[in-house]
Amino acid sequence: MVNNDRHIVNVALIGFMGTGKTSVGRLVADLLHFDYLDTDETIQTHTGRTITEIFKTDGEPAFRALEQKVVQELAGRKRTVISTGGGLPANPDNLASLKAHALVACLWASPEKIWERVRHQGHRPLLHDADPQAKIRELLAAREPFYKQADVLLNTDLRSVREVAQQVVHQFRLESSGRR
Ligand code: S3P
């Protein structure tokens, strides 16, 4: 349940790669007439480099530091749908920071569905692995306890983007500070 110390004016989408955060996030932003922001895109704009380049040249810890900085900068935002990189909530500070101003919705999917969605995309450095399906299962299991701390958990395996987006909007309207 949402805590009274929170001032919920944004929506944050968390969840593993390939769970539909971008498509759902854009539609939620449309439905609520909110701005849309993606933490990976923000990092790329700030640094002028792709996520793959950052991982390759500076390593994952440097990427995680950039991610945390972006999260901290989001604290003053209003009426924004924030789509986050899949590993971002594994840092408890990031989750706590988002929860202060956003309803946090986690999109969930089975490892099989995730693989089906990401297998033809090559832009995710963590899946450049000899056995990407095993890597998905391993990372998903390690991150599950963090994802489960979201306010809402939505399984996307059998739901359309529209259905998931409508559920997020419904939940936001129930929990947001500026009730209409
Ligand atoms: C990552 C997910 C990616 C991106 C980076 C690391 C992860 O974002 O932040 O490649 O650790 O799961 P998406 O979840 O948007 O693919």
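This text gives an overview of the structure that appears in the document. (Residues numbered from 1 in each chain as written. Predicted model: local features only at pLDDT ≥ 70, side-chain atom pairs only at ≥ 80, totals over all residues. Heavy atoms only, no water.)

Residue placement: S160 occurs in the loop between strand 5 (152-155) and helix 8 (161-175). A relative accessible area of 34% means that S160 is categorised as partly exposed. In sequence terms S160 and F16 are 144 residues apart; their C-alpha atoms lie 17 Å from each other. (Helix = DSSP H or I, 4+ residues; strand = E, 2+ residues; numbered from the N terminus. Buried < 20%, exposed > 50% of the residue type's maximum accessible area, 1.4 Å probe, protein only.)

The subject of this paragraph is the pattern of salt bridges. Tallied over the full model, the rule gives nine salt bridges. Taking the shortest distance from any N to any O, the salt bridge between R26 and E41 comes out at 3.7 Å. Residue R26 is found in helix 1 (residues 21-32), and its partner E41 is found in helix 2 (residues 39-47); the two are separated by 15 residues along the sequence. Residue classification places R26 among the partly exposed positions, given a relative accessible area of 42%. Note that E116 and K113 form a salt bridge whose closest N and O atoms lie 3.7 Å from each other. Here E116 and its partner K113 are both found in helix 6 (residues 111-118), three residues apart, which amounts to about one turn of the helix. Among the charged side chains, a network of salt bridges with common partners joins E60, R64 and E67. (Salt bridge = Lys/Arg side-chain N within 4 Å of Asp/Glu carboxyl O.)

Structural measurements only, silent on function.
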